[in-house]
Amino acid sequence: DTGVSQDPRHKITKRGQNVTFRCDPISEHNRLYWYRQTLGQGPEFLTYFQNEAQLEKSRLLSDRFSAERPKGSFSTLEIQRTEQGDSAMYLCASSSPGQGARASEAFFGQGTRLTVV
Amino acid sequence: GENVEQHPSTLSVQEGDSAVIKCTYSDSASNYFPWYKQELGKRPQLIIDIRSNVGEKKDQRIAVTLNKTAKHFSLHITETQPEDSAVYFCAARAPVIKAAGNKLTFGGGTRVLVKP
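Here we summarise the structure given alongside this text. What you see is a predicted model, and the numbers here were worked out from it, not measured in a lab. (Residues numbered from 1 in each chain as written. Chains lettered and ligands numbered in written order. Predicted model: local features only at pLDDT ≥ 70, side-chain atom pairs only at ≥ 80, totals over all residues. Heavy atoms only, no water.)

**Quick notes on the interface of chain B and chain A**
Put simply, an interface is often sized by how much accessible area is lost when its parts join up. Across the contact, 20 residues belong to chain B and 26 residues belong to chain A. When chain B packs against chain A, close to 2,000 Å² is buried across both sides, 47% of that on carbon and sulfur atoms. Of all residues in chain B, the largest losses of buried area upon contact with chain A belong to Arg43, Asn102 and Lys103 of chain B, amounting jointly to 30% of the total for that side. In this assembly, chain B and chain A are joined by one salt bridge. Linking chain B with chain A are six residue pairs in polar contact (both at pLDDT 80 or more). Elements with a minimum of two residues in the side of chain B that touches chain A: strand E4 (32–38) and strand E5 (45–51) of chain B. Tallying contributions element by element places E4 of chain B first for the side of chain B that touches chain A, with three residues. (Contact = heavy atoms within 4.5 Å. Buried area = accessible area lost by both parts, 1.4 Å probe. Salt bridge = Lys/Arg side-chain N within 4 Å of Asp/Glu carboxyl O. Polar contact = N/O pair within 3.5 Å; in protein donor to acceptor, adjacent residues only side chain to side chain. Helix = DSSP H or I, 4+ residues; strand = E, 2+ residues; numbered from the N terminus.)

**Looking at the pairing of E5 of chain B**
Residues and elements named next belong to chain B. Where E4 lies against E5, six bridges are found, and the strand directions are antiparallel. In the sheet register, Tyr36 faces E5, and the bridge partner there is Leu46. The antiparallel pairing of E4 with E5 creates a hairpin that spans six residues between the two strands, and Gly41 there sits at a positive phi of about 75°. (Pairing = 2+ DSSP bridges.)

**Considering the sheet that holds strand E7 (residues 65–68) of chain A**
Residue and element names in this part refer to chain A. Taken together, four strands build an open sheet; the order of strands is E1-E3-E8-E7 and the sheet is antiparallel. Each having just a single partner strand, strand E1 (5–7) and E7 make up the two edges of the open sheet. Looking at each pair of strands side by side, their axes are set apart by 15° on average, direction ignored. (Axes fitted to C-alpha atoms, helices over the stretch in contact; angles between N-to-C directions.)

**Here we look at the side chain of Arg64 of chain A**
Residue and element names in this part refer to chain A. Note that Arg64 resides in the loop between strand E6 (53–57) and E7. Relative accessible area serves as the criterion here: at 9%, Arg64 is assigned to the buried category. Apart from the residues lying within four places of it in its own chain, the contact partners of Arg64 are Glu78, Ile79, Gln80, Arg81, Thr82, Glu83 and Asp86. (Buried < 20%, exposed > 50% of the residue type's maximum accessible area, 1.4 Å probe, protein only.)

**Some points on the pairing of strand E6 (residues 56–59) of chain B**
On a regular strand, one side chain projects to one face of the sheet and the next to the other, so that they alternate. All names here are of chain B. Inspection of the sheet shows E6 paired to strand E7 (residues 62–67) by four bridges, in the antiparallel sense. In the strand pairing of E7, Glu56 is matched with Thr65. Counting the residues in the hairpin turn of E6 and E7 gives two residues, including Gln60, whose phi is positive at 55°.

Read these as spatial facts, not as claims about activity.
In structure tokens, the structure reads:
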């Protein structure tokens, strides 16, 4: 499968624990995004990387959340001191630069479903 | 920032009928409008997109229309089939200018049920 892959697919954790998710984008894509999706809602933007640089962060990304993309390839999203409100599907997407200033479509991974108990 | 509203939230149609989903956006600078289909437990997948330099785009049974003046766009599915049952999301994106405006802002989704 040469699409966007995310690991793990499911994570159950106790409140207060730290969790880390991984995203491997499509290999030639230099843009990587993290979104959060709760049941019955559309994905909400969390953060965006262009290569290894984190260029935009949503207000949704509290100081308990941190994302990295150290070599401009895979990315990790860490949530510290998890809360029940963090329970959601965490989606990763990637896109290529496209032509000029027009980025190509965003391809999504299958997501990591986090349940905080 | 951008705000995207999507209606209806649920839509039930008889197989063979048409389905229409409407979205409005707030940022007049947005110039790219994709539609994603998400089946239960699966990833969102792009089904069609439109850029602001065109008013309509069609791909087989799916079409999208865009009214920049009114800041709304719609998805039309004709001759619906049971496999069209899914949640559909519209989204908007502002121009990619350096570091800004690259994210998609999604609507709340429409759950479409096609009854055989």
